[in-house]
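# Fold and geometry: a report
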Amino acid sequence: MKSTPILVAAAAVAALVAGAAQAATLDDVKSKGVLSCGVSTGLPGFSAPDANKNWNGIDVDVCRAIAAAVLGDAGKVKFTPLTAKERFTALQSGEIDVLARNTTWTHTRDTSLGLNFTGVHYYDGQGFLVTKSLGVKSAKELDGAAVCIQAGTTTELNLADYFRFNKMQYKAVVFDTSEQTLAGFEANRCDVLTSDQSQLYALRTKIKNAANTVVLPEVISKEPLGPVVRQGDDQWFNIVKWTLNAMINAEELGVSSKNVDAKKSDKNPAVARLVVGTGDMGKKLGLDNDWAYRILKQVGNYSEIFERNVGSGSPLKISRGLNALWNQGGILYAPPIR
Ligand SMILES: N[C@@H](CCC(=O)N[C@@H](CS)C(=O)NCC(=O)O)C(=O)O
């Protein structure tokens, strides 16, 4: 078939876009001297600014770990707060280098947006928060409820599936940020607030009358949350993926921010590959061989980032559950560094 001018032009644009997508993010980040990380507008435990405008959370620590690996300094991160609706465009357009914003890995997002999920740093699932006075014990009793929800999320899609499948009606009351969603719930604009369960715990820490609310037992979806990059830059994809894997493997190997210096002389070859970079593990990523040492020294292993942000050392007090290591009753399993 002979190509029409329009087809030729379209192919040229596609080639340009592909070329742009292949631009080395690693080089960009190094020349900027800072990592641009897309986070939420404020979600305790995941990504939220404190009174001094310092960002904290498990997503924030993933950003810091990448900066430690790539730039040598976990502090060299510029955080860009994004609503659910804005987040993918910000990554596609190059405004951010990586998205770490409690974002669920789904088929559609991984295939049709020009983006790639690099792994899972928190296994979540969608739940429901109600006031005790509603007198409801199960989500199956929510027929006819008004539901506060955030736009542009998997939450919206799962809610529609769940109610349709269970032959129930609902009225969606839709907001753009979690702050607005919570305010809507507290102002009785809805009977129920639904979101990822971790976020219900996070929001509960902000509710004035938290003791009058209850999280219902049903978990209606799988929400594997992970960092996202653009398609077409395999080196950057590898760096983000192995930053996460380094933190998980470190927990498994008993290496933490506290003992990483002592572990430099450990006899276990797996520990040496991680903290000394034996086998040129850093070079294979396009980094230096101290990449993982810096992640662990400056940010910590997975257990440290979990506990301080969402676990026992945080107001959320979430137990490890599914997010425990595979050999400790959970499903966290990182491929080996070798
Ligand atoms: N994991 C789900 C939900 C993500 C989401 O945006 N959840 C809201 C519910 S609380 C949130 O985090 N808001 C934070 C914000 O407004 O910036 C997804 O990827 O679609």
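Preceding block: the structure.
Here is what the cut-offs are and how they apply
Residues numbered from 1 in each chain as written. Predicted model: local features only at pLDDT ≥ 70, side-chain atom pairs only at ≥ 80, totals over all residues. Heavy atoms only, no water. Near = heavy atom within 4 Å. Polar contact = N/O pair within 3.5 Å; in protein donor to acceptor, adjacent residues only side chain to side chain. 1 Å grid on protein atoms, 1.4 Å probe; cavity = no way out; pocket = protein on both sides within 12 Å on 5 of 7 lines; lining within 4 Å. Sits in = over half its atoms within 2 Å of the grid points. Helix = DSSP H or I, 4+ residues; strand = E, 2+ residues; numbered from the N terminus. Nonpolar A, V, L, I, M, F, W, Y, C, P; charged D, E, K, R; others polar. Buried < 20%, exposed > 50% of the residue type's maximum accessible area, 1.4 Å probe, protein only. Pairing = 2+ DSSP bridges.

Before going further, it helps to examine the site of the ligand. Around the ligand sit 22 residues, and of these T41, N102, T104, S178 and D196 come closest. In the environment of the ligand, a nitrogen atom lies 2.7 Å from a nitrogen or oxygen atom belonging to the side chain of T104. Q150 places a side-chain nitrogen or oxygen 3.0 Å from an oxygen atom of the ligand. Using a 2 Å cut-off from the grid points, one finds that the ligand occupies the largest cavity. Secondary-structure elements contributing two or more residues to the shell around the ligand are α6 (154-165) and β11 (192-196). Split into classes, the residues belonging to the shell around the ligand amount to 4 nonpolar, 14 polar and 4 charged.

As a further point, take the pairing of strand β8 (residues 126-131). Most of β8 is tucked away: 5 of the 6 residues are buried. As defined by bridge partners, β8 adjoins β11 across 5 bridges and the pair is classed as antiparallel. The partner of L129 across the bridge, within β11, is L193. Bridge count for β8 against strand β12 (residues 213-215) is 3 bridges, and the pairing is antiparallel. Bridge pairing in β12 links T131 to T213.

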